[in-house]
Structures are given as structure tokens and as C-alpha cells.
Amino acid sequence: MDKILEVKDLHVTFKTYGGEVKAVRGVNFDLKKGETLAIVGESGCGKSVTSNSIMRLIPTPPGRIANGSIVYRGRDLTTVSEKEMRTIRGVDISMIFQDPMTALNPTLTIGNQLTEGLKQHKDISGREAKERALEMMNLVGIPSPEERLKQYPHQFSGGMRQRVVIAMALICDPDLLIADEPTTALDVTIQAQILELFGKIQERTGVSIILITHDLGVVAKIADRIAVMYAGKIIEVGTKREIFYEPQHPYTKGLLNSVPRLDIEEDDLIPIDGTPPDLFSPPQGCPFTARCPFAMEVCDKVYPDSASLSSTHDVDCWLQDQRAQLVSTMAGTRK
Amino acid sequence: MLRYIAKRFLIMLVTILIIVTLTFVLMHAIPGSPFNQERGTSEAVQANLEAHYHLDEPMYIQYLLYLKSIVTFDFGPSIKQPTSTVNDLLGRGFPISLELGLVSVIVAIISGILLGIIAALRHNGIIDYAAMAIAVLGISIPNFILATQLIQSFAVTWKILPAATWSSPKHMILPVIALATGPMAIIARLTRSSMLEVLTQDYIKMARAKGLSPYKIVFKHALKNALMPVVTILGTLLAGILTGTFVLEKIFAIPGMGKYFVESINNRDYPVIMGTTVFYSAFLIIMLFLVDIAYGILDPRIKLHKKEAE
């Protein structure tokens, strides 16, 4: 399968009165056609900033892509002009936002908002645009679409609005869909429906999806690969199976341990103690050192190289170093 | 919708009745009458005059007569200018006042909104600070001070614009600037702050993510939402411009309604006071009603009638 997106050594910083926040600090990943990559991590780890950088939607200033490249089909999105970027947004790469209650303009009809992207990018008549809109409404499962097109967002429920937002993102038939916490603001029952919809859409259109979330349940359902982010870096990446069954980074393990499970007889959740580091002055070494139960002296001083455990599984941890193998077997891994 | 308009219309009638009554009471609470100003008219002449204008009748009869004149919209002749009726005066003065007010309102709204948008888009830049400095000045300087200053600079010192009267578009420039600056400043500040708020909304980010042009994002997606608070104060601003015309017409010697209004109070010219008051209040109330309707058009979530919302 061919790669459609390659992010290399991406650095994003924000200038604030308190100094420069290094929100993303050297992120690398790639994405193949038709694949779903989940980027998981806790709040403030840089996952949304990463996805907004791909769309070049970082407010500049104060934000800035300080270094690195985002190559989409041979074009580096960090260097193309704003005008060219507008022909990519919505057409090649689309985005879905967290809260469907606020992602739709309250003063415009659904039909207007659905078709405006289409009218902007494609030379298309009003009737053709409407037909395409109806087609999309059917795809995302909105009943009586003809009537619904004339209505305003406040006449839709949360789940229905998210369907509209998805239809809006897909109407120009993009290659890549970035979904930033698409189910976080929805009821659990609606969440399941929306996730199913993602699967259906991918099957039909072959769109690649980058799913930003902190919800491992969502990830388990639809991701092919998972990238775990911490303090502005991807610390572990692998297939869904690799991350869920053979997590290597202590942070990934901690993350999985802090998810409530019914199938294991254990009374308490195991939280990760401490808080993520301050990104005004991120630590030189591994940012997880202070919270890591296996921390060694070297962890604090030098950031580890990426270790490949398989062709798909990479992890940034000193425990993978030959010299640390002894420590890791001694300390053991928690279930 | 029709029921709503009918209901509003009834409320408007009641409001006007209250205004008329208040004006009548206040008018007669001022000491003096149209005919006793150091003129030495004989008692008999004065009594005759008062009888002619029904001023010798008891108050409640006079009040009823006024109500009748309002319902028929015939206020009779002016006491001080017996050659013309109140309707003549209104017919002569109102078009001029309307022209001045309307041009000022349009200038204030367009320039205020544009200034606000530019300031919001260049948030915290030099243009933003300059625009807001102008706005603060505009709000704090009363229009009669601005008017005299404008006359001093443009008409007296530089001699590029006429100082007074109302005969060509050139004559409009100074009074319109004087009248529109205050409301413009208020609109600009309001547009800026609500624009800044709207621009951080998710649907603006969504519009950007769709690849829309900045022009479309600002004018189609942001402006309509940002204008809601502006529409809210439009009613108040209209009232301000309306009363502003009284003062400015006096300063610029513009033969509008304001002139008659002020003079009629000084002269106790009861029919003219009554006529202009009723006319102005009806005008303002209708304007406020139109503003309410504009609300519903701008924001589909606002329903004018309860039934529609169900």
C-alpha cells in the first residue's frame, strides 16, 4: 500500500507571555491509503496540535511550525502557500471536530453548509450540489434528507449533527479524514453508531483516517495502528494488536492499566502517578522519567533512540536497550 | 407571524397613548399659555383666542379633543404660525430630518461594522489600536461639540465645506459626520468584540477546514453571528440619532422637524408639540418593531411567535 502522508520530525511551538510552549517536539509517523491511525494520549500531549498542523489550522501567530515536514502525496504542506492550502483543505484532507453542537453555524441551513465546500472547490451547479448533498445525507444515515437540508442546526440532535459534520467533511471525497475526538461529546449509544459509521464510510470510500482520541475503547473498535503520544512526542507506535497485547513503553502500559475492565478481577484502577512535564522547558531526556516506575539514571539525561520491535512496532524507551534488558526482566511487566 | 404583528401593533397603540397622555400632562404642567407673553393683548382678545383654540375648556375636554385630533391625524393649525397646519409643518420638516437621520444611520452602520471587522481581523495590531482609539473618541465626544469643532475647522478655518443650511449633498457632510460618529463608534466596538468571539468558534474553524476563502469566512460565517448584539442596540442608537437631529438641526440651521419641535416648546404651541411628539414616538416605535423583526431574520433560533417554536 502506498503512503499518502508522511510526517517527519514535526516541531510546533506557541509563543505566550510565559515563554515558548513546545507543544509538539519531533513527531514522526506515516499513513497508508485506507488505513486508520489512532493518535492517543492524555490532554495537552500535542495530539490536536499535530492534527491541526496537518491542516495548517494552527493560529499563527502565536503558533508556528518550527521544524519538520508534512508530506502529503509528494507535497510538503509546511511550505505550500495559504492559497494552495485552501485547495487542499476540504478536498484532499478534511477534518471533523470534537463538538458537533458548535461545529455548525447556527445561522445557516444544513444544506447551505453542506454544499458550500463543494461549490467552492468544484465547478458544479446548484442542483448537482444538492444531489450530492442528498447522497451524503443518505450515506451518513440521516432520515428524510430532502426536508433536513432546509433545516437549521438547532433542529438536529447531537448525534445527527455529528452525522452532518461527517457528511460535510466527506462531500468532496477526500483522501484523508482527520477526526479530532469525534465521539467525545456524544452519548455512549450514539458513540457506537458513529464509530460504526466510520467503518462503513471507510469501506465505501477507501478514505484514510487519523483518529485523535484519549478513549482507548474507541481506538480498540476502529483503529488499524496506534500511536501513543506523550509530552509532544510519539513514544510508541504499533498495530492495534501490538499496542494492546504487547505494550512496551511504561507509559503505554500505564495507560492501558488505567482503563476500567470488567473481565479482570482487580479491585482498583491503577492510575499513573504524577503529571506530565511542563512544556515551557521540557526535559532533555525521556519526559516520562519522573513518573516511570522503571526509570534509570540515563532516562533523565538522554532521550532514547527509537527501537524497532517489528516492522510496525517502534518504541522510544531505554528499557529496549541491550544493556537494560536485565532491569526489565527483573522488574517484570504488569498484566 | 401575523398574530405576532397584530399583538405588537396593539402594544404599540397603547405605548403611543401613554406617550400622548404624558406629553399632554407635562405640556400643561409648564406655566404659561401661548398668548400671555408680554404682549399686552386685552383680556377680551385673549379670551377670544383661547376660546378659538378650546383653551378655555376643562382639561378633560381638551384631552379628549387632542385624542380626537390624533386619531384623525389632523392637529389643526399651528397657534404661532396660523398660516400653516401642523401637518404642513411635518410635511415640510420631516423629509429633511429623515434624510439627515437616514444618511447618518447608514453611514454609522456601514462604517462602524467595517471598522469593527478590520479591527477584529487585525486583532492587537496597529490598525486595531487606531480604530479603537477613534471609537473611544467618538463615544466620548458629544455630537454638539463635534459639530461646532467641525464647523470651526472645515467651514471657518479651511473653508472647504459649507457651515450650515441644507441645500446640496456638500451641505450634508458635516452634519452627517457629527451625527454618525457616536453611533459608529459604538457599533465598531461592539462589532469588534463580538467578531473576536465568533472567530474563535468551532464553526469558523470548520469553515476554514472546508477550504473556504477568508472573504467567505468573514462575511458569510462570522458576520451574521457577530451582528446579533449590534442589532440589539440598533433600537437605542436610532433613538439617539433621532434626538441628535434636534440639536444638530439647530446648530447647522437645517429646516427639519427638530427646529419646529424646539420652537413649539418655547412658544407653548400645543398642537405642534402634540403633533411632533406623536409623530416621533410612532416613528421610533415602528423602527424598534422592525429591529425585532430583523432579529428573527438574522438568527433562525429566535422565533417571534411562541407557536412557531413548537
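Residues numbered from 1 in each chain as written. Chains lettered and ligands numbered in written order. Predicted model: local features only at pLDDT ≥ 70, side-chain atom pairs only at ≥ 80, totals over all residues. Heavy atoms only, no water.

Q: Just to check I follow, could you spell out the pairing of strand S1 (residues 3–16) of chain A for this structure?
A: When a strand is regular, its side chains alternate between the sheet's two faces. Residue and element names in this part refer to chain A. Direction of pairing for S1 relative to strand S2 (residues 19–32): antiparallel, over a ladder of 11 bridges. Bridge assignment links Lys-3 to a residue of S2, and that residue is Lys-32. Counting the residues that bridge the hairpin from S1 to S2 gives 2 residues. In this sheet, strand S4 (residues 63–72) lies alongside S1 in antiparallel orientation, the contact comprising 8 bridges. Bridge pairing links Glu-6 to Val-71 in S4. (Pairing = 2+ DSSP bridges. Helix = DSSP H or I, 4+ residues; strand = E, 2+ residues; numbered from the N terminus.)

Q: Even after reading the chapter, I still don't get unusual backbone geometry, so can you show me in this structure?
A: The phi angle of most residues is negative, glycine excepted, and most peptide bonds adopt the trans form. Residues and elements named next belong to chain B. In this structure, Asn-124 takes a positive phi of about 65° despite not being glycine. Its place among the elements puts Asn-124 in the loop between helix H4 (86–121) and helix H5 (126–140). Asn-124 gets classed as partly exposed once you look at its relative accessible area, which sits at 45%. In the Ramachandran plot, Lys-159 falls in the positive-phi region, its phi being about 55° despite a non-glycine side chain. Along the chain, Lys-159 turns up in the loop between helix H6 (143–157) and helix H7 (169–199). (Buried < 20%, exposed > 50% of the residue type's maximum accessible area, 1.4 Å probe, protein only.)

Q: Would you mind showing me how to read a nonpolar patch on the surface here?
A: Residue and element names in this part refer to chain B. Side chains of Leu-102, Ile-106, Ile-110, Leu-114, Ile-118, Ile-127, Tyr-215 and Phe-219 sit close together on the surface and give an oily, nonpolar patch of about 770 Å² of accessible area. Among the elements of the structure, H4 and helix H9 (214–226) are those that each provide at least two residues to the nonpolar patch. Per element, the largest residue contribution to the nonpolar patch is 5 residues, and it comes from H4. Within the secondary structure, Tyr-215 sits in helix H9. Classification of Tyr-215 as exposed rests on a relative accessible area of 58%. (Patch = residues over 30% accessible without salt bridge, like charges linked within 9 Å, V, L, I, M, F, W, Y side chains within 5 Å. Areas by Shrake-Rupley, 256 points an atom, 1.4 Å probe, with all protein chains shown as cover. Salt bridge = Lys/Arg side-chain N within 4 Å of Asp/Glu carboxyl O.)

Q: Can you walk me through the pairing of strand S9 (residues 225–230) of chain A in this structure?
A: Residue and element names in this part refer to chain A. The buried fraction of S9 amounts to 6 of the 6 residues, a majority that puts the element mostly inside the structure. Across the two faces of S9 the burial is the same, with Arg-225, Ala-227 and Met-229 and Ile-226, Val-228 and Tyr-230 all buried. Where strand S3 (residues 36–40) and S9 come together, 4 bridges link them in parallel fashion. The residue of S9 that forms the bridge with Leu-37 is Arg-225. Where S9 meets strand S10 (residues 233–239), 6 bridges bridge the pair, whose relative direction is antiparallel. Considered in S10, the bridge of Val-228 is made with Glu-236. Linkage of S9 to S10, two consecutive antiparallel strands, is achieved through a turn of 2 residues, within which Ala-231 is found at a positive phi near 50°.

Q: I would appreciate a short explanation of the environment of Lys-47 of chain A in the present structure.
A: All names here are of chain A. Looking at where Lys-47 falls in the secondary structure, it is placed in helix H1 (residues 47–54). The spacing of Lys-47 and Ile-212 is 165 residues in sequence and 6.5 Å in space, taken between C-alpha atoms. In this view, Lys-47 contacts Ile-39, Val-40, Gly-41, Glu-42, Glu-181, Ile-212, Thr-213, His-214 and Met-229; residues no more than four positions away in its chain are not counted. A polar side-chain atom of Lys-47 sits 3.5 Å from the main-chain carbonyl oxygen of Glu-42. (Contact = heavy atoms within 4.5 Å. Polar contact = N/O pair within 3.5 Å; in protein donor to acceptor, adjacent residues only side chain to side chain.)

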